[in-house]
Amino acid sequence: MADSQNTIALRAEIAQVEKKLKALQVAGKGLGSVKNEIKETYEGGDAGDLYGNKYDDMKDDETKAIKGFKSNFDDKKSAMMDKIQSQERVLNYKLTSLNTQLRLSEIWDAITNK
């Protein structure tokens, strides 16, 4: 039983979609494993010897900046994860559709090759 051009093309397209889906899953897993671990406090040195409003203000400014960077990073990471997950859903829907088309094409091939 010979496969039609349509069946062959569908199999090739399914393989490409599966490849893209795997790449997205790897990217999502990699991005998801990235941790945002920026210390907000200074450890070591002579930090305990620094007293006064000037140093308190500097420390507060640095803490605010670090928290801002962490928040910005988390927001961008979350947005990227949302895009990856959205694209994964699109590819899964496409894969389901292609598999359905492939089954119908294989049935048609079986009917026409009798």
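Here we summarise the structure given alongside this text. In this text, all values refer to a predicted model and were calculated from it rather than measured experimentally. Position numbers for residues count from 1 along each chain, tracking the sequence in the order it is written. Under the rules for a predicted model, residues below a pLDDT of 70 receive no local features and side-chain atom pairs below 80 are neither given nor counted, while totals for whole chains, interfaces and linings still include all residues. Based on all heavy atoms of the structure, the side-chain values leave hydrogens and waters out of the count.

Here we look at the overall build of the protein
Convention followed: Secondary structure elements are defined from DSSP: runs of H or I of at least 4 residues count as helices, runs of E of at least 2 residues count as strands, and each element is numbered from the N terminus. Exposure is judged per residue with a 1.4 Å probe applied to protein chains only, and the accessible area is read against the type maximum: over 50% gives exposed, under 20% gives buried, and values in between give partly exposed. Residue contacts are counted whenever heavy atoms from the two residues lie within 4.5 Å of one another. Here the accessible surface of atoms and residues is derived via Shrake-Rupley with a 1.4 Å probe, and residues count as covered only by protein chains that are part of the display.
A tally of regular secondary structure across the protein gives two helices and zero strands. For the protein, the proportion of its 114 residues judged to be buried stands at 18%. Contacts in the protein between residues far apart in sequence, at least 24 positions, make up 97% of those at least 6 positions apart. Element-wise, carbon and sulfur atoms account for 55% of the exposed surface of the protein, whose accessible area totals about 8,900 Å².

Observations concerning helix α1 (residues 5-32)
The line we're drawing: Here a helix's expected span is defined as the number of its residues, less one, multiplied by 1.5 Å.
Compared with the 40 Å implied by 1.5 Å per residue over 28 residues, the 40 Å span of α1 between its first and last C-alpha is a close match. Buried residues of α1: T7, L10, I14, V17, L21, L24 and G28, and no others. Against α2 (53-112) lie the buried residues of α1.

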